[in-house]
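Residue-level structure breakdown
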Amino acid sequence: MNSNSIKLPVIQSGQGPVSRPQRRRSLIGQPLPRPKARQLVSGRGRYLDDLQIAGALAAAFLRSPHPHARLLALDTTAARNSPGVVAVLTADDLEPVLKPWIARMPTLAAHRSVEQSALVKERALWQGQPVALVLAETGAQAEDAVALIDAQWDPLPALASASAALASDAIILHAELGDNLLFQHRIDAVRDHAPPAVDLERRLRFPRHTGVSLEPRGLIADFDPAQQQLTVHASTQVPHQMRAVLAAQLSLAEHQVRVVVPDVGGGFGVKLHCYEDEMAVAAAARLLARPVKYVVDRLEAFASDIHSRAHTVSARIRVAADGTLLGFEVDDQVEAGAVSVYPRSSALEALHAVSGIAAPYRALSLRARVRVAFQNKPAIGSYRGVGQPIACAVTEMLIDSAARALGIDPVEIRRRNFRSLERDGPRTPGGLEPGGELSFNACTDQLLELMNYPLLRDTQWQARAQGRSLGIGFASFIEQSAPNSMAYGGAGVAIAAGDGCSLRLEANGGFTCITSAQFQGQGLETGLGQLIADAFGIDLDSIRIVHGDTAVTPMGGGTWASRGLSVSGEATLVAVGELKQRLVKAGAELLEAQEADLEFAEGRLRVVGTDRSVGLAEIGFVLHYQPYRLGPIGPVEPMVTAHVQPSRPYQIANGVQASLVQVDTDTGLIHLLGHWVVDDCGRVVNPLLVDEQLRGGVVQGIGAALFEECRYDDHAQLLSGTLADYLVPMAAEMPDIVVGHVETPVPGTLLGGKGVGEASIVGAAAAVANAVNDALAPHGVEMFELPLTPERVLLALAAAADRSAASAPVAF
C-alpha cells in the first residue's frame, strides 16, 4: 500500500459511489437509528425551559395591541409596585447598554431598511411589538404586573398587504425612505420564440406562514459584571451568529459572550433571527447583573416570531403545441412586515421565489419582477424553504394548467422539458448554477415505478366513472443549500458559511468530536458519528459528539439552508483524514513498521498481510500518557481541528414528488391518499435520517397546501393567534409517504453530499395542489389560492356550476 491508502478519496466528476477497502460492512448508507432518540422519548431531554439558574428573574412583555399607533404615555408605577417585581424597563432604560440595529445587505443594492430597537419608544409598527419588559421573581408575578401597565395609544392607519403598501396613495410607513419598497429585483432573460399554442395567465396567492416548532423560542441571559462576561443559554439554530449579534449590540467583545444551546425542539428557520424581546432580555441581564429567563408562549409566538411566504403572484406561461415551454412571466408582490429582519434581511424569500422559476426546465424565456413592501405585520424571515416553495408552486401549477389545455400527460410535458446541461448551458432561466447535470429523468423513472403510475391512472378513471373525484399531481423541484461565504460574508454580515470539527482520540480508544454544527432534532449527530466510526472501523457508541457551546466548539454557521451534514460532515472527514495521518505515524513507531504498510480495521491499526496490530486504545493511551514510547517522533497531538468552506454559491439538489388525493365535492374536504418523493441529495450517509427529513418536509408542505395561514383582517389585526385558528397537519390526516433516492455525489468533495432538510417542503404543496386541480378538472375548476380549504373548494365548485359546460375553467 502507498501512504495515500489512509486518506479518504475525493469524489471525481461523474464518479459513482466511492469504493472502499474490503472489511466489515460499511456504516455509510446504513439506516442506523438515532441514539439520542431514546433519551428524548423517555423524557430525558433538557430543553431551555428545563434549565434552572439560581437567582434568575422571570421576564414578561407588554406588547402593542395595535398594528400601528403612537405611544402617547406609559405609566409603569403600579407594575413596579406589584408583588415580586424587581424592575420594569422601557426603551429609555435599555438605551445605555443596547445599541439599535439595522439589517444591511449591500450585495443586494435595492435592499432598504430602517433602524430597529428592542422596545417601542414612540410608535408601534405591528401588533405584538414589545413595549415594556417586566422582571419579577416568578413568571406569574411578571405577567400580573404587565397587566398593570397603563399605555396610552393614538391608533394610526395600518397597511395590511403588499398591494396596499405599493398603491400610489398609500401611507408611507417609514418617512425617511420615501415609499414602502423594501426590495425589488428583475430578471429579463427574454428570448424570441415562435407563437405559442397555449398562452395562460393565472393569479396565485400564498398566505403568511410561521414555523410552529414544538419548542418555542427562549433564552436565559446571565451577565457577570466582575468578569464582564455574558453567558446566554438559548434555543437557537445559530450559536456563533447569536454571539456575534449580542456582542455587537451590547458593546462587548465576542470572547466576552458565550452562547450555550441545550436540546432544541425544532427550529425550521424561526430560531435564526435577532428578536427584539431576546435582545431586551440580554440587555436587562446586563443592567441588573442578574440572570433573566424568558420563554415565548404560543400566543406570543404567533404575533412575534418571524413569518414567511405572503406572496401574490401574477403569472403567465407560453407553451408550444408539442409541449415545449416557451416562456414565463411573473410579477410577484411580497409582504415584508414592518422592518427587514436582522441580520439576514427580509429580501431572500422574494429573491429565491423568482430566481427559482422554471429551474428544473429548459424554458426559453423568463421575465420576472418581485417587489417586497413594508406593512404593519411581523417581519418576514427565513422559514424552511425560503421562497423556493413559491417558485416551485408557480412553475408546476402553471405547467399542469398548460398540460390540461394541450391534452398532454403531466409527466410527459415535464420529461420533454427537463433541462440538459449540454443543451441548456450551466444556468437556469433564473440565473442559478446547478454545478452539473441534474437527475430529473432518473428521479422520475423511480417515482413512476414506486407509485405504479399506470395503475393509479386506471384507478382514477374507474373512480370517476363511479362519481369519485380522484386526482394525481406532480412537482419537480430543486433545493438550494449550503451557500458559500459570499451570501452573507460578502455583504459584511457576521454569519459564517463554513463549519469546523475538532476530533480527539481518547485514551480508551474512543473519539470525541467537537463540531460547530447545531442539532435541532434532525439526527445530525448520528450522521457525523457514522462518518467517524466508519473511517476507523469502530462502533457508533465509541464516539461522543459535543456541540452547541461557543466557548468550546470551532467557529461555524450552525443549522440553516440544509447545510448540516454537507458542510459539517465535510469538515469532519477532513479532520478524520488529518488525525489518521497522525495515528499512523504513531502506530508505525509502536509497531516498528512502515507507515505505507498500515491500515485501519476493526478499531485497530494493523500491518497489512500480517497478524501484527495495535489497538486504538493503546495508541490513545500512549498519546495521552506515554509519549516517551514514540521516541524521536513524539509527542503526537491526539487532537486535530479542521475547517471547511463551501466553494460554490450553492449546492443544488433535485427531485420529484407526486400526490394522490380524493376531493369530496359535497363537503369540499380533501383526503390525502398517498404521497411519493424521490430525492437526489448526493451521497446518502443514513437513509433513515434522510427519509424522515423528507417526510417531515412533506408534512409541512401539505400544511401549506391545505391548512396553514396567518390570517389578518383589513386593518392588520391578527385573527389566527392560537392553534385552534392556525391549523397544522395532524397524524390522522397524513397519507403514507413513500421515499426513494437517486445518488449523484458532489464532485470535488470527500462526502459527496448535498442538502436535504428543505428539499421536500419545496415541492410538496405544488404536488398536492396539482392533485386537487386534477381531481376537480372534470368540474371545470382550477384553484390557485392556498390553502385549499373546504370553503374555497365549495366556492369554486359553485362558481363553476353557474357557468356553461363549454366555458373555460374557473381560476381561484
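Residues numbered from 1 in each chain as written. Predicted model: local features only at pLDDT ≥ 70, side-chain atom pairs only at ≥ 80, totals over all residues. Heavy atoms only, no water.

A few words now on the overall build of the protein. Looking only at helices and strands, one finds 20 helices and 28 strands in the protein. What you see for the protein is a C-alpha radius of gyration of 28 Å, in line with the 28 Å of a compact globule of 812 residues. Projecting the C-alpha coordinates of the protein onto the three principal axes gives extents of approximately 90 × 75 × 45 Å. A burial count over the protein gives 60% of its 812 residues as buried. In the form shown here, the protein has an accessible surface area of approximately 30500 Å², with 51% of it arising from carbon and sulfur atoms. One finds the centroid of the 69 positive side-chain charges in the protein at a distance of 3 Å from the centroid of its 87 negative side-chain charges. (Helix = DSSP H or I, 4+ residues; strand = E, 2+ residues; numbered from the N terminus. Rg over C-alpha atoms; globule rule 2.2 N^0.38 Å. Buried < 20%, exposed > 50% of the residue type's maximum accessible area, 1.4 Å probe, protein only. Areas by Shrake-Rupley, 256 points an atom, 1.4 Å probe, with all protein chains shown as cover. Lys, Arg positive; Asp, Glu negative; His and termini not counted. Charge placed at Lys NZ, Arg CZ, Asp CG, Glu CD.)

If you trace the four strands from one edge of the open sheet to the other, you get S19-S18-S17-S23, paired in mixed fashion. The strands lining the two open edges of the sheet, one partner per strand, are strand S19 (543-546) and strand S23 (639-644). In this sheet, neighbouring strand axes are inclined to one another by 20° on average, regardless of whether the strands run parallel or antiparallel. Looking at chain direction, strand S17 (residues 499-505) and S23 are connected through six bridges and run antiparallel. The residue of S23 that forms the bridge with Leu 503 is Val 640. (Pairing = 2+ DSSP bridges. Axes fitted to C-alpha atoms, helices over the stretch in contact; angles between N-to-C directions.)

Now for the environment of Lys 377. Position of Lys 377 relative to the elements: it lies in the loop between strand S15 (366-374) and helix H10 (388-406). Taking relative accessible area as the criterion, Lys 377 reaches 5% and is therefore assigned buried. Here the alpha-carbon distance between Lys 377 and Phe 418, two residues 41 residues apart in the chain, equals 39 Å. The residues touching Lys 377, leaving out its near neighbours within four places in the chain, are Leu 125, Trp 126, Ala 160, Arg 208, Glu 335, Gly 337, Ala 338 and Tyr 712. Of the polar contacts made by the side chain of Lys 377, one reaches the backbone oxygen of Ala 160; its length is 2.8 Å. (Contact = heavy atoms within 4.5 Å. Polar contact = N/O pair within 3.5 Å; in protein donor to acceptor, adjacent residues only side chain to side chain.)

Attention now goes to unusual backbone geometry. Residue Pro 343 is reached from Tyr 342 by a cis peptide bond, and omega for that bond is 0°. The peptide bond linking Leu 786 to Pro 787 adopts the cis configuration, its omega dihedral lying at -5°. Considering the arrangement of structural elements, one finds Pro 787 in the loop between strand S27 (781-782) and helix H20 (790-801). Positive phi is not limited to glycine here, since Val 386 has a value of about 45°. If you trace the backbone, Val 386 turns up in the loop between S15 and H10. Although it is not a glycine, Ala 561 sits at a positive phi angle of roughly 55°. Assessed through its relative accessible area of 17%, Ala 561 is described here as buried.

Most of strand S1 (residues 57-63) is tucked away, with seven of its seven residues classed as buried. Burial along S1 is two-sided: Leu 57, Ala 59, Phe 61 and Arg 63 and Ala 58, Ala 60 and Leu 62, pointing in opposite directions, are all buried. Across six bridges, S1 lies against strand S5 (residues 130-136) in antiparallel orientation. Pairing of Ala 60 across the sheet is with Val 134, part of S5.

Moving on to the pattern of salt bridges. Enumeration according to the criterion identifies 45 salt bridges in this entry. For Asp 49, the salt bridge identified is with Lys 293, shortest N-O distance 3.3 Å. Separated by 244 residues along the polypeptide, Asp 49 in the loop between helix H1 (35-41) and S1 and Lys 293 in strand S12 (residues 292-295) bring together distant segments of the chain. Taking relative accessible area as the criterion, Asp 49 reaches 48% and is therefore assigned partly exposed. Taking relative accessible area as the criterion, Lys 293 reaches 15% and is therefore assigned buried. (Salt bridge = Lys/Arg side-chain N within 4 Å of Asp/Glu carboxyl O.)

Per-residue pLDDT for the protein averages 95, and the proportion of residues at 70 or more is 96%. Low pLDDT (under 50) marks residues 1-8, which in the prediction has 15 contacts with non-local residues, meaning those over four places away or in another chain. Predicted confidence is poor over residues 13-22, with pLDDT under 50, and the contacts of this stretch with residues over four places away or in other chains come to 10 contacts. (pLDDT = per-residue confidence, 0-100.)

What follows covers the sheet that holds strand S2 (residues 69-75). Each strand in a sheet pairs with another by means of backbone hydrogen bonds, the pair being arranged parallel or else antiparallel. Taken in spatial order, the three strands of this open sheet run S4-S2-S6, and their pairing is antiparallel. Each edge of the open sheet is held by one strand with a lone partner, namely strand S4 (123-124) and strand S6 (150-155). By the bridge criterion, two bridges tie S2 to S4 in an arrangement that is antiparallel. Paired with Arg 70 across the strands is Arg 123, a residue of S4.

This brings us to the packing of aromatic side chains. For any pair of aromatic rings, the description consists of the separation of the ring centres together with the inter-plane angle of the planes. Inspection of every chain in the model, using the stated rule, returns 10 aromatic pairs. Centre to centre, the rings of Trp 101 and Tyr 342 are 6.4 Å apart; their planes meet at 40°, and the pair counts as tilted. Here Tyr 342 lies in the loop between strand S14 (325-337) and helix H9 (348-355) and Trp 101 lies in the loop between helix H3 (91-94) and S4, a separation of 241 residues in the sequence. Considered together, Trp 101 and Tyr 342 belong to a single accessibility category, that of buried residues. The structure contains a cluster of three or more aromatic residues connected by ring pairs, namely Tyr 361, Phe 418 and Phe 440. The aromatic ring of Tyr 275 is capped on one face by Arg 217, whose charged end is 3.7 Å from the ring centroid. (Phe/Tyr/Trp six-rings, centres within 6.5 Å; stacked < 30°, edge-to-face > 60°. Lys NZ or Arg CZ within 6 Å of the ring centre and 35° of its normal.)

Residue position: Arg 419 is located in the loop between helix H11 (410-415) and helix H12 (421-424). Buried charged residue Arg 419 carries no salt bridge. Nearest counter-charge: Asp 424, at 4.8 Å. Side-chain polar atoms of Arg 419 contact the backbone oxygen of Arg 427, separated by 3.3 Å.

Ranked by internal contacts, the top residues of the largest apolar core, which has 139 residues, are Leu 204, Ile 317, Phe 328, Val 394, Met 451, Phe 474 and Leu 706. Looking at this core, the element that brings in the most residues is helix H19 (residues 759-776), giving 13 residues. Beyond its immediate stretch of four places on either side in the chain, Leu 706 contacts Ile 670, Leu 672, Val 768, Pro 787, Leu 788 and Thr 789. Counting 44 residues, the second largest nonpolar core, distinct from the first, contains Ala 103, Phe 223, Met 279 and Ala 283. (Core = buried A, V, L, I, M, F, W, Y, C linked by side-chain atoms within 4.5 Å.)

For Ser 476, the position within the fold is in strand S16 (residues 469-481). By relative accessible area, which is 3% here, Ser 476 ends up buried. Polar side-chain contacts of Ser 476 include one of 3.1 Å to the side chain of Tyr 361. Residue contacts for Ser 476: discarding those within four places in its chain leaves Pro 360, Tyr 361, Cys 392, Glu 396, Arg 414, Phe 418, Phe 440, Gly 655 and Val 656.

It is the contact of H10 with H19, at a shortest axis distance of 8 Å, that shows an interaxial angle of 30°. The angle between the axes of H10 and H19 places the two elements in the roughly parallel class. For the element pair H10 and H19, the recorded crossing hand is right-handed. Counting all contacts with H10, which are made through Gln 388, Pro 389, Cys 392, Ala 393, Glu 396, Met 397, Asp 400 and Arg 404, the residues of H19 involved are Ile 761, Val 762, Gly 763, Ala 766, Ala 769, Asn 770, Asn 773 and Asp 774. Looking at the contact of H10 with H19, its residues break down into eight nonpolar, four polar and four charged. (Parallel < 35°, antiparallel > 145°, perpendicular 65-115°, else oblique. Left-handed = near helix turned anticlockwise from the far one by under 90°. Nonpolar A, V, L, I, M, F, W, Y, C, P; charged D, E, K, R; others polar.)

Two numbers describe how helix H6 (residues 239-249) lies on helix H7 (residues 276-288): the axes approach to 11 Å, and their chain directions differ by 60°. Looking at the two axes, H6 sits oblique to H7. As H6 runs across H7, the sense of the crossing is right-handed. Judged by residue contacts, Met 242, Val 245, Leu 246 and Gln 249 of H6 engage Glu 278, Met 279 and Ala 282 from H7. Tallied by class, residues from the contact of H6 with H7 come to five nonpolar, one polar and one charged.

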